[in-house]
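Now for the letters of each chain:
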Amino acid sequence: MERVLVGRPGTHRLGRAFIALTLVASVLALPGSGAVLGQESADCEVTDLGPLGDGALEAAGHWTTEDCDSRFRAGSDARTYRFEVTTAGRVRIELTSAGADPYLYLLAEDGTRIVGNDDGGAGLDSRVERDLLPGVYMIEATTVGGRSRGPADFAVAVSYVSGCEPVHLGTLEAGADLTASGSWTLDTCGSRFVVEHPAHGYTFNLEQAGRVRIDLASEDGDPVLSLASLAGGIIGANDDGGESRNARIVRYLQAGVYFIEATTYLERDYQPLRSDFDLTVHLVDEQAEQERARLKIEEVRVPAEAVAGDSFHVHYRVGNLGGDLAPGGYAVLYVVGPRVFKRHRSVAGHWQAGVSYHSGSETASPGSTSISEVSPFEVSFFRSGPTWLFVGIVTYDRAGNEIGFHGQWQNLFVLSGPTFEAVDVRVDGARYTVAAGADSDGEVTTEVKSAMDPAGEVDAEVRLRAIYAAGVRTQLLDGLFERPEIAALPEEAHPTAVTVANLSTNTLREAFAQRYTSVVGASGMLDSLEAGEALNPITVEESVLQVADAASSEFAWMASSWRSLLRRIENGAALSFEDALEVHSQVAYAESVVAAAVTVGGIVTAARTAEEGWKDPGVREMMAEARCYPGSNALRDALEAADIADVEGLLALDAEMRALRPIHGLSVDSALCGVTAAGTANQRFLRRLSISHSPELRTMLGLHTPSAPASSPAPHRLRIIARLGEDGSLEHGVELAGGRQVLPPERFLREDVPTGRWQVSGDVEVAGGSIGRIRARRVADGRTEMGFVSADGETIIPDIRYLPTDLPVGVWFRSSQIEVPVATSMDPAPAPAAEE
C-alpha cells in the first residue's frame, strides 16, 4: 500500500502532466526501426483471444515437442495468439509454466517483433509490460530449453494494468517539501523507460523557477530517479547520487509541471520481493546554500600507469569553497575503484571558509597547507587493463546527516608487469637483448634475443636469467640512488667490504647477526653480565652507534662499487647475471639491515643533542616512526642461522640492554623487520617479471636455500580493542601482549551497518605480515560483538567479546586475551598478495 503526503493540490496543472505522460507512452508503444520480422509458417495456427477489455484474456496450452517452430528460437515449440487493444493503455502479458522455462515474444499484427522476455515474471516465468496503442497484436509462447526438455503445459494471460497512473504531489513551495512513500514489488507497474524495472510515477507543479533537489531513499532497494517535463522531455536521471546507494537529482528548473519516476537499478525479478522507499522533493534556498560549507576535491594525482600488485599513492587536494562548517560537522574522505575501497577517519574542526589542504607536494597549491588527517591513500590493483579511481568527500552535520558530496574521477592503466626498452645483458658469457612491451589490455610480453642469432630460439633457463638481469638493470639500477632508503644513507664513511651471497632472508639474517655479535662482543657487556655487574646505559648507546658506524662503512663500499658498475654500463657494457645478483643482494641488505642501523644511530645522536634527551618530543616521534615488531624469536633465529656461539647468553644480554635503553631493542627489531620486508620485496621483484615460477632460477638466487631449524613459532597473544567515534562509528584494532597497538587500514564499523551483518577489517600486520583480520557486528539488543579471523581462516571467539550499548566517546574497550596462531607459509617465498 502506498501512502502519499501531499502539499497544495495544484489541480489546474494536473491535466498538462497527463498529456506529457501520454506523449512518452506513445513513443514507447510503437516498435522502433530495429524491430525484427519473424518467419511465420502458413501451417501454424494462430489462436484469437479477442478484444482486451476490463477482464483478462486467458488461454491454457501444451507444448508437445511437435508444434510449429519458434520464429526466433531454433528447436523450440511455439504457440501463437492474437488479441486486440481497443483502448490505449498499459498492458501486461504473462506466460507461466510449471514444467518448462517459458520465453515470451510480443509481435505486431504483421509478425514484426516488438519485445521479448525471459524470467521477467515470478521464478522462470516470462512477463512483458508495455503501453500499447489501439491495434491488433500477437504473442508467441515458446521455451528457452527447446524440445529436448520434453512436453509441458503453459498458460497465457493478457490484461490491462491498473494503478500505473502517476500520483500528483501538489505544488512545490519554499519550506514545504513534497513527500511520498511506497514499495517496489513483483507486481509493481513497470518503468515507462525500462519496463522490466518496477516503478512509481509522480508529478508536481513548480510555480516559480528555482533549484530543486529530489531524493529517493531505500534501505533494501537500489533506487534510480528520472525527471522529465512537458517542455523539455527527459531532464535527467541518477543512480547513487545520494548517500550510500540512494539517488538524488539537483536541477535548476523553470516554472512548469514535472514528472518523477522512482524505480530501481535491478530488474523486477532480481531485486528483493519488497523494497520500501521514500521520495522527497525540496526547493533549495540558494542564498543559504551559497553561505553553507562546500567541501570539494580540488585536484587528484595518480600515476598514468601502474603495475598490477604494486602499491602507489593517490594524492589529492581538498578545500572549503563555501562558508564555515557548523560546529560538530565533519567530513569523510575516501577512494574507490574496482576492488578498491579505502577511507580515512572523520575529519572535524578544520573546515573554516577558504581552507585548502593537500596530501603532499604533488597537489599543493600556493594557498594550501597540510594536516595529518589529509594524507595520501595507498592503493593497489591486481588486474591489468584500463581502470579508474574516484576520490570523494562526504560532508555531515552534527546529527550525522549528509549535507554535501563531491569527488573527482581519474583514469589510469594497469600493466601486468613492468615495461622497458631494449637492454643488453650477459648470461654465461653470451650477450642477449631483452625488451618488455604491453598490449592494449595491459598484458606485458618480454622478448629475449641472442645478439649472435636474433632469430634463434633461446634456451628457457637462459631466457629467465636474461630477464632477471634486465629487470635488475631497469628496475633497480636505473634510479638506484634516488630510492628513498638508499638516498638517506651517507657515502662519506671509510669503506669496509661486505659480502652478501644471495637474496635469501637467511643470508641477510646471518649478515646482521655476525655484525651485531662482533659489536656487542667487543663492548665487554657480555663479560660484565656474566660477572654480575650492572651495565652502563651509555655503553648500550655506544654499541648502537658502533653498529650504525659499521653499517655506514659497509654502505660506502657498496655505493662505490655500484657507481663503478653504472659507469661501465654507461660505456656500453652489458650487465651480467652474476653482477645483477650481486648488486640486487647488496641493495636488499642496504635497504634492510644497513638502513635500519643508520636510522637508529641517528636517533641516538638526536637524543644526545636534544635539551630533554630521550624525553624530547622530536626524539620520541622518531622512535615511534621506526618501531616495529619482528616476532618474539626473531633474534634467536638470526643468531642460530649464523651459527653464533652462546646464543642464550646473547639473548639474556639483549633483554638487559633493552631494559636499560629501549633504543637498543629498536635497533635490533628494525633491522630484523627490514629483513622480513626485504624477503617479501625480493619475491615481489620476481613476480613482477613473471619469473618466480622457476625452481632452478630461485635456487640460483638463493631463494630455495633450506632454512635453519627453528622452534615452533609462538602464537600472537592479543586483545581486540574498540572505541566509539564522534560520528557513531566504532574504530577497531588490536593490542599485543607487550602493550603495542596495531590499527588495520580498514577498521571502522559504521553506525548504519545492518544488525547481524559481520564486517571485516583490513589486515592486522605484525612483523611485516598479516596475522588476520578483526570482525565485528551489531546484535539485536544494541551491543556489538567482536571476534578475530586468523590469516589461515580460523575464527577465534574471545570470552569477553561484547561492547555495551552505552559506550562513551573516545574510550578504548578491550576483549579478553586471545591467541592467534602464526600463519602457515613457505619461507622464504610468501604467498602473493590477495585481491581485495
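See the structure above.
Remember, it's a predicted structure, so these values are computed and weren't measured experimentally.

Each value, and the rule that gives it
Residues numbered from 1 in each chain as written. Predicted model: local features only at pLDDT ≥ 70, side-chain atom pairs only at ≥ 80, totals over all residues. Heavy atoms only, no water. Pairing = 2+ DSSP bridges. Helix = DSSP H or I, 4+ residues; strand = E, 2+ residues; numbered from the N terminus. Axes fitted to C-alpha atoms, helices over the stretch in contact; angles between N-to-C directions. Expected span 1.5 Å × (residues − 1). Buried < 20%, exposed > 50% of the residue type's maximum accessible area, 1.4 Å probe, protein only. Salt bridge = Lys/Arg side-chain N within 4 Å of Asp/Glu carboxyl O. Phe/Tyr/Trp six-rings, centres within 6.5 Å; stacked < 30°, edge-to-face > 60°. Lys NZ or Arg CZ within 6 Å of the ring centre and 35° of its normal.

Trainee: Is there a simple way to think about the sheet that holds strand β11 (residues 152-160) in this case?
Mentor: Either a parallel or an antiparallel arrangement is found when strands of a sheet pair, and the pairing is made through backbone hydrogen bonds. If you trace the 4 strands from one edge of the open sheet to the other, you get β4-β11-β6-β9, paired in antiparallel fashion. Either end of the sheet is taken by a strand with one partner, and the two such strands are β4 (57-63) and β9 (126-132). Each strand axis lies, on average, 15° off the axis of its neighbour in the sheet, ignoring direction. Pairing of strand β6 (residues 89-96) with β9, which is carried by 7 bridges, proceeds in the antiparallel orientation. By the bridge assignment for β9, Val91 is matched with Arg130.

Trainee: Explain helix α12 (residues 662-688) to me, please; I cannot follow it from the model alone.
Mentor: Along an α-helix, a turn takes 3.6 residues, which lines up residues three or four apart on a common side. End to end, α12 covers 38 Å across 27 residues, agreeing with the expected 39 Å (1.5 Å per residue, within 8%). Buried residues dominate α12, accounting for 21 of its 27 residues. Following α12 by one or two positions, Ser690 has its phi on the positive side, about 60°.

Trainee: Please explain the pattern of salt bridges as it appears in this structure.
Mentor: Going through the model one piece at a time under the given rule, you end up with 43 salt bridges. Ionic pairing is found between Glu289 and Arg294, a salt bridge with its closest N-O pair at 4.0 Å. Arg568 is paired through a salt bridge with Asp579; the nearest N and O atoms lie 3.9 Å apart. Remark: Asp579 occurs in helix α8 (residues 577-609) and Arg568 occurs in helix α7 (residues 537-570); sequence separation between them is 11 residues. Assessed through its relative accessible area of 26%, Asp579 is described here as partly exposed. Several salt bridges converge on common partners, so that one network encompasses Arg90, Arg92, Glu129 and Asp131.

Trainee: Looking at this model, I keep getting lost on the packing of aromatic side chains. Mind explaining?
Mentor: Aromatic ring pairs are defined here through the distance separating the ring centres and the angle between the ring planes. All chains considered together, the criterion is met by 21 aromatic pairs. Ring geometry for Trp351 versus Tyr357: centroids 5.6 Å apart, planes at 70°, classification edge-to-face. Exposure class is identical for Trp351 and Tyr357. Each is buried. By way of ring pairs, the aromatic residues Tyr334, Phe341, Trp388, Phe390, Phe405 and Trp409 are connected into one cluster. For Arg343, the ring lying beneath its charged end belongs to Phe748, and the centroid distance is 5.5 Å. Note that Arg783 overlies the ring of Tyr802, its terminal NZ or CZ placed 4.1 Å from the centroid.

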